[in-house]
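Breakdown of the fold
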Amino acid sequence: MNAPPPDSDSTPDQPTPWWLWPHVLSLEAPLVAVLWQRVLAQAHGVRLTPMLDAGLALACWLIYLADRTLDTFSAKPGSALDTRHAFYRRHRRVLLLGVMPAAASWLVWAAFYVIPEGILWQAAGLSMLVALYLASWAAQGSRVSRDVFLCAAGLGGILLISRMPLPAGYRFALSLILLVAMVLSFLRQIDIRLGQWLPKEYTAALLFALGCSTSTRFLAMPETILEPVLESLLLAALFACNLHGISTHEKNSKRSHAPLVLGALVFTLAVRWLVEGGLLENSLRGPSQAVLGALVLHAVVQRAGKGLSTDAYRVLADLALILPLPLAWL
């Protein structure tokens, strides 16, 4: 998972240990996303094609590449960066001009020729939110980057509105309102800052959870909205603990992390109790068991994290997200 770049604790001139390379190359987030998508698919009894896994992994990887590369533009010249952000600063020209355009081109091809239409439009809506997230957080140091992401968000929003089951007049009015908002933002008459309502860690956790559940949310076709909402909130609570814990450890912050973990545990136990009581669908049983195990393991890592380096803590915190996944099959 990801967190804002720290202002210190930089080790870019030292050899990168082998166990840190997956984190430096941003491979941990796609792995977490695909594995959790598989857990949800198993819980709902749906079959996913390999292309859905590949599409999710590549989309997640591309977002992390963009986020971490843009972070390097907002860093002050000469300021210390951690290992992964130092790597992205050294290679950002290759990433921006070669790797990211190639990955984006493959995703566009897959979206139009491989991905089912229903999943495509859900992904389009989520992409709009991701673009707003990047414009609000990662691209604040570059006006050009910010405007590019706002354009992407506006285009995604208009495409999504065009698919809504609304009369043509309503769709036109919504599209016009969105265009006016984009223009005012370009003119700096309004400023899109998600952080005014939701901290970065929580925003990223919610978007990540929605991305993991996009395919199963469409293929499972639940009868009510309650089940997919609770499922997404379970994952969002877990990912928020991960991101907040990493951010707190990186910044050596004194803000308390325990209430967030305790709240996530209480919420997960409540969902488990309602499932056992027959008040919620049985498909939530497996995911809630895996989330509960991951939260307990996260608490163990957090407890031991005071004696760990920042890099070691990040790796263990991400491992805590996937090691308990077999619990979903019990």
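Just so it is clear, the model here is predicted, and its values are computed rather than measured. (Residues numbered from 1 in each chain as written. Predicted model: local features only at pLDDT ≥ 70, side-chain atom pairs only at ≥ 80, totals over all residues. Heavy atoms only, no water.)

1. With respect to the overall build of the chain
Helix and strand counts for the chain stand at twelve helices and zero strands. Shown N-terminal to C-terminal, the secondary structure of the chain runs as helices and strands in the order α-α-α-α-α-α-α-α-α-α-α-α. Looking at the chain as a whole, 47% of its 330 residues are labelled buried. Considering only contacts in the chain between residues 6 or more positions apart, those separated by 24 or more positions represent 74%. Here the chain has roughly 16300 Å² of accessible surface; of this, 69% comes from carbon and sulfur atoms. (Helix = DSSP H or I, 4+ residues; strand = E, 2+ residues; numbered from the N terminus. Buried < 20%, exposed > 50% of the residue type's maximum accessible area, 1.4 Å probe, protein only. Contact = heavy atoms within 4.5 Å. Areas by Shrake-Rupley, 256 points an atom, 1.4 Å probe, with all protein chains shown as cover.)

2. Quick word on the nonpolar core
With 59 residues, the main nonpolar core has Trp-36, Phe-208, Leu-235, Leu-238 and Phe-239 as its most contacted residues. With sequence-adjacent residues up to four places away left out, Leu-235 is seen in contact with Trp-36, Leu-40, Ala-209, Cys-212 and Val-291. Within the second largest apolar cluster, seven residues are counted, among which are Ala-41, Val-46, Leu-52 and Ala-110. (Core = buried A, V, L, I, M, F, W, Y, C linked by side-chain atoms within 4.5 Å.)

3. Comments concerning unusual backbone geometry
Positive phi is not limited to glycine here, since Ser-26 has a value of about 60°. Here Ser-26 shows up in the loop between helix 1 (21–24) and helix 2 (28–44).

4. Points about the environment of Leu-308
Note that Leu-308 resides in the loop between helix 11 (285–304) and helix 12 (310–322). For Leu-308, a relative accessible area of 27% puts it in the partly exposed group. For the pair Leu-308 and His-249, spaced 59 residues apart in the sequence, the C-alpha separation amounts to 9.5 Å. Not counting residues up to four positions away in its chain, the partners in contact with Leu-308 are His-249, Tyr-313 and Leu-316.

5. Side note on the packing of helix 5 (residues 117–136) against helix 8 (residues 200–219)
Contact geometry for helix 5 and helix 8: axes closest at 9 Å, N-to-C directions at 175°. Judged by the inter-axis angle, helix 5 sits roughly antiparallel to helix 8. Together, Gly-118, Ile-119, Gln-122, Ala-123, Leu-126, Leu-129, Val-130 and Tyr-133 of helix 5 and Lys-200, Thr-203, Ala-204, Leu-207, Leu-210, Gly-211, Thr-214, Ser-215, Arg-217, Phe-218 and Leu-219 of helix 8 make up the contact between the two elements. Looking at the contact of helix 5 with helix 8 residue by residue, the class counts come to eleven nonpolar, six polar and two charged. (Axes fitted to C-alpha atoms, helices over the stretch in contact; angles between N-to-C directions. Parallel < 35°, antiparallel > 145°, perpendicular 65-115°, else oblique. Nonpolar A, V, L, I, M, F, W, Y, C, P; charged D, E, K, R; others polar.)

6. Quick word on the state of the cysteines
If you walk through the whole model with that rule in mind, you get zero disulfides. Note on Cys-212: no disulfide assigned, nearest cysteine sulfur contributed by Cys-60 at a separation of 7.2 Å. Relative accessible area serves as the criterion here: at 0%, Cys-212 is assigned to the buried category. (Disulfide = S-S within 2.5 Å.)

7. Some points on the pattern of salt bridges
Counted under the stated rule, the structure contains eight salt bridges. One salt bridge in this structure joins Arg-285 and Glu-276, with 2.4 Å as the shortest N-O distance. Judged by its relative accessible area of 24%, Arg-285 falls in the partly exposed class. Residue classification places Glu-276 among the partly exposed positions, given a relative accessible area of 46%. With a shortest N-O distance of 2.4 Å, Arg-314 and Asp-311 are connected by a salt bridge. (Salt bridge = Lys/Arg side-chain N within 4 Å of Asp/Glu carboxyl O.)

8. Focus on helix 8
The first and last C-alpha atoms of helix 8 sit 30 Å apart over 20 residues, in line with the 28 Å expected at 1.5 Å per residue. By the largest-angle criterion, Ser-213 marks the main kink of helix 8, which is about 45°. Helix 8 sits mainly inside the fold: 14 of its 20 residues count as buried. (Expected span 1.5 Å × (residues − 1). Bend = angle between axes of the 7 residues up to and from the residue.)

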